[in-house]
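Overview (structure and organization)
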Amino acid sequence: MSILQIQPVIMAGGSGTRLWPLSRAGFPKQFLVLSGTQSLFQQAVQRVAGLASADISALPALIVGNEEHRFLVLDQLRDARIQTAAVLLEPVGRNTAPAVSLAALQALAAGQDPVLVVTPADQTVVDEAAFTAALQRAVRQAAEGGIVILGITPDRPETGFGYIKSQAQGEQWRVERFVEKPDLATAEAYLASGDYFWNSGMFVMRASTWLQALLRFRPDIDVATRAAFAGAQPDGLFVRPDKALFAAVPAESVDYAVMEHCPGSDIPLHMVPLDAGWNDLGAWDAVWQVAPKDAAGNATVGDAIVADSHNTLVHATSRLVSAVGLDNIVIVETADAVLVADRSKSQDVKKIVSQLSERQRAEQNLHRKVYRPWGWYDSIDMGERFQVKRIMVKPGASLSLQMHHHRAEHWIVVSGTAEITNGDQVLLLSENQSTYIPLGQVHRLANPGKVPLEIIEVQSGSYLGEDDIVRFDDSYGRK
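Residues numbered from 1 in each chain as written. Predicted model: local features only at pLDDT ≥ 70, side-chain atom pairs only at ≥ 80, totals over all residues. Heavy atoms only, no water.

1. Looking at the overall build of the chain
The helix and strand inventory of the chain stands at 11 helices and 29 strands. The C-alpha radius of gyration of the chain comes to 25 Å, within 12% of the 23 Å expected for a compact globule of 479 residues. For the chain, the spread of C-alpha atoms along the principal axes amounts to about 75 × 60 × 40 Å. A total of 479 residues make up the chain; the buried ones form 51% of that total. Taking the intrachain contacts of the chain between residues at least 6 apart in sequence as the baseline, contacts between residues at least 24 apart amount to 69%. Carbon together with sulfur atoms contributes 50% to the accessible area of the chain, which is approximately 21200 Å² in total. For the chain, the distance from the average position of its 42 positive side-chain charges to the average position of its 54 negative side-chain charges is 2 Å. (Helix = DSSP H or I, 4+ residues; strand = E, 2+ residues; numbered from the N terminus. Rg over C-alpha atoms; globule rule 2.2 N^0.38 Å. Buried < 20%, exposed > 50% of the residue type's maximum accessible area, 1.4 Å probe, protein only. Contact = heavy atoms within 4.5 Å. Areas by Shrake-Rupley, 256 points an atom, 1.4 Å probe, with all protein chains shown as cover. Lys, Arg positive; Asp, Glu negative; His and termini not counted. Charge placed at Lys NZ, Arg CZ, Asp CG, Glu CD.)

2. Overview of the packing of aromatic side chains
Tallying each qualifying case throughout the model produces 11 aromatic pairs. Centre to centre, the rings of Phe-71 and Phe-238 are 6.3 Å apart; their planes meet at 85°, and the pair counts as edge-to-face. One end of the pair, Phe-71, is in helix H2 (residues 70-79); the other, Phe-238, is in strand E11 (residues 238-240), with 167 residues separating them in the sequence. Exposure remark for Phe-71: the relative accessible area of 17% places this residue in the buried category. Owing to a relative accessible area of 6%, Phe-238 belongs among the buried residues under this scheme. Judged by centre distance (6.2 Å) and plane angle (35°), the rings of Phe-203 and Trp-210 are tilted. Using a relative accessible area of 0% as the deciding quantity, one classes Trp-210 as buried. A connected cluster of aromatic rings, assembled from ring pairs, spans Phe-71, Phe-238 and Tyr-476. (Phe/Tyr/Trp six-rings, centres within 6.5 Å; stacked < 30°, edge-to-face > 60°.)

3. Digging into the environment of Glu-457
Tracing the backbone shows Glu-457 in strand E28 (residues 453-461). A C-alpha to C-alpha distance of 6.6 Å links Glu-457 and Ile-412, two positions 45 residues apart in sequence. If near-sequence neighbours (up to four positions away) are discounted, Glu-457 is found in contact with Gln-387, Val-388, Lys-389, Ile-391, Glu-409, His-410 and Trp-411. Within polar-contact distance, the side chain of Glu-457 engages the side chain of Trp-411 at 2.9 Å. (Polar contact = N/O pair within 3.5 Å; in protein donor to acceptor, adjacent residues only side chain to side chain.)

4. Focus on the pairing of strand E20 (residues 375-383)
Here strand E19 (residues 369-372) pairs with E20 via four bridges, running antiparallel. Bridging from a neighbouring strand, Tyr-371 pairs with Trp-376 of E20. In textbook terms, the turn of a hairpin is the stretch between consecutive antiparallel strands, and for E19 and E20 this stretch comprises two residues. Where E20 meets strand E21 (residues 386-393), eight bridges bridge the pair, whose relative direction is antiparallel. (Pairing = 2+ DSSP bridges.)

5. Thoughts on the sheet that holds strand E17 (residues 329-333)
Reading across from one edge, E13-E15-E17-E18 is the order of the four strands in this open sheet, with mixed pairing throughout. The open sheet is flanked by strand E13 (299-301) and strand E18 (338-342), the only strands paired with a single partner. Strand-to-strand twist across the sheet, computed as the mean angle between neighbouring axes with direction ignored, equals 5°. As paired strands, strand E15 (residues 313-316) and E17 are joined by four bridges and run parallel to one another. The residue bridging Leu-313 from the neighbouring strand is Val-330, located in E17. (Axes fitted to C-alpha atoms, helices over the stretch in contact; angles between N-to-C directions.)

6. Here's the deal with the environment of Ala-85
For Ala-85, the position within the fold is in strand E4 (residues 84-90). It is 9.6 Å that separates the C-alpha atoms of Ala-85 and Pro-8, two residues lying 77 residues apart in sequence.

7. Quick look at the pattern of salt bridges
Under the definition given, this model contains 25 salt bridges. The salt bridge involving Arg-78 is made with Asp-75; its shortest N-O contact spans 2.8 Å. Of this pair, Arg-78 and Asp-75 both sit in helix H2, three residues apart, roughly one helical turn. The exposure class of Asp-75 is buried, given its relative accessible area of 15%. Glu-176 is paired through a salt bridge with Lys-165; the nearest N and O atoms lie 3.7 Å apart. On the criterion of sequence distance, the pair formed by Glu-176 in strand E8 (residues 172-179) and Lys-165 in strand E7 (residues 163-169) is long-range, its members being 11 residues apart. Several salt bridges share partner residues, and in doing so they unite Glu-67, Arg-70, Asp-235 and Arg-240 into one network. (Salt bridge = Lys/Arg side-chain N within 4 Å of Asp/Glu carboxyl O.)

8. Re the packing of helix H1 (residues 40-49) against H2
Axis separation between H1 and H2 bottoms out at 10 Å; the angle between their running directions is 60°. One element, H1, and the other, H2, form an angle in the oblique class. Viewed along their axes, H1 and H2 form a crossing whose handedness is right-handed. Between H1, through Phe-41, Gln-42 and Val-45, and H2, the contact on the second element is made entirely by Val-73, Gln-76, Leu-77 and Asp-79. Its residues placed into classes, the contact of H1 with H2 shows four nonpolar, two polar and one charged. (Parallel < 35°, antiparallel > 145°, perpendicular 65-115°, else oblique. Left-handed = near helix turned anticlockwise from the far one by under 90°. Nonpolar A, V, L, I, M, F, W, Y, C, P; charged D, E, K, R; others polar.)

9. Topic: the side chain of His-270
Here His-270 lies in strand E12 (residues 269-274). We classify His-270 as buried; its relative accessible area is 16%. Side-chain polar atoms of His-270 contact the side chain of Gln-172, separated by 3.2 Å. Each residue touching His-270, except ones within four places of it in the same chain, is listed here: Gln-141, Ile-147, Val-148, Ile-149, Gln-172, Trp-173, Arg-174 and Val-175.

10. Digging into the pairing of strand E6 (residues 147-152)
In summary, the side chains of a regular strand alternate between the two faces of the sheet. Burial of E6 is extensive: six of the six residues sit out of reach of the surface. The alternating pattern of E6 places Ile-147, Ile-149 and Gly-151 on one face and Val-148, Leu-150 and Ile-152 on the opposite face, and all of these are buried. Bridging between E6 and E12 involves six bridges; their strand directions are parallel. Bridge pairing links Ile-149 to Met-271 in E12.

Everything listed here is a matter of geometry and, on its own, says nothing about what the molecule does.
Okay, here's the thing in structure tokens:
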């Protein structure tokens, strides 16, 4: 029996704007725990790792993600004890077609032509056995040539998804066309016909097949992506395409660049139906659908109390949230923002994010608690000329050697042991001890111990922005 080699590819880019305020540009939805006990990204990597069988051999996954999220990716892989082949970092977002091309070029660079199994990092699946069986079927078909897409068997007239029209031909399904997100009446007609499936964004083909199809339909993307990949620089697990050349790659989705051109061409495009409790959790209504509910259809997460309400979602993260007399409402609370929305309008949360962007509000990009490769900080209070942060540093980690032009800092150790560089002094401080960093002083905070270090930092000065940092030495390659 010949063994088919597959290369899982996890598409971990995207900002998840419709799940604001929990999803932010700096910590998007794929890294959130919205279903189960692991993040959507961790679930996606582990699902494709289970595709191996007697005739299928699975390589460690390739991750394609944003440069800004590189340490989130590594931390979550490490926490889940998942091995990966490489993390391809997009210096700028160019949509999914160039991202898949990077993965195909990386897979071919090893001298093989594996079957790529491409899946987004922000989906959930209830029936993993059905998922595995469908993907294995798709792998065996794709190994013979062409592209195989996973079509979700619809169970409702959904207006938030794109659709695929497909017809059965013997044991295979031939894709006839793709259609955009429909209105309700059209979605109801699609559901009644039995010929339409939700477009899952998951597809399978050999690496060479993808590049041949891209060259056929969008040679400009193919040539530009190859040039950027040729200038890639390896950095441990990270692979960085040439930034300037990648910025010149035309931005286009997989569907628009290739998939929609395949029907009627000489590139076979087939579909494998998937009925496995799939959901892309694209909006808060989808989160409500997959969440456990009470007898009245209410779903709660965190410290929440609901009375006389129906079909309502309350997601609390930092305080008690109570709701009375609500129907079909979404309430999402974080430490710095609260969203209240009609559940049927949850797709329109992106309109709020657009306004935040126009007003240059920080709540679009970051939470109050911000994760960094060395740990995290939480801005717990601020006022005129002062800011108070709670900072956690992982065992063995350190912040950069740095200085500030506009602020001084007081550090108080709450727990753990701190190694502090303060000018030409190196101090070792423990619980309840403190130090003062004058304005303009070169300094560094490190954790030499085996348990997390927590400190309270009090900043004072004329400007307290995060961009007032001059780095002299940094373990994470930041300027």
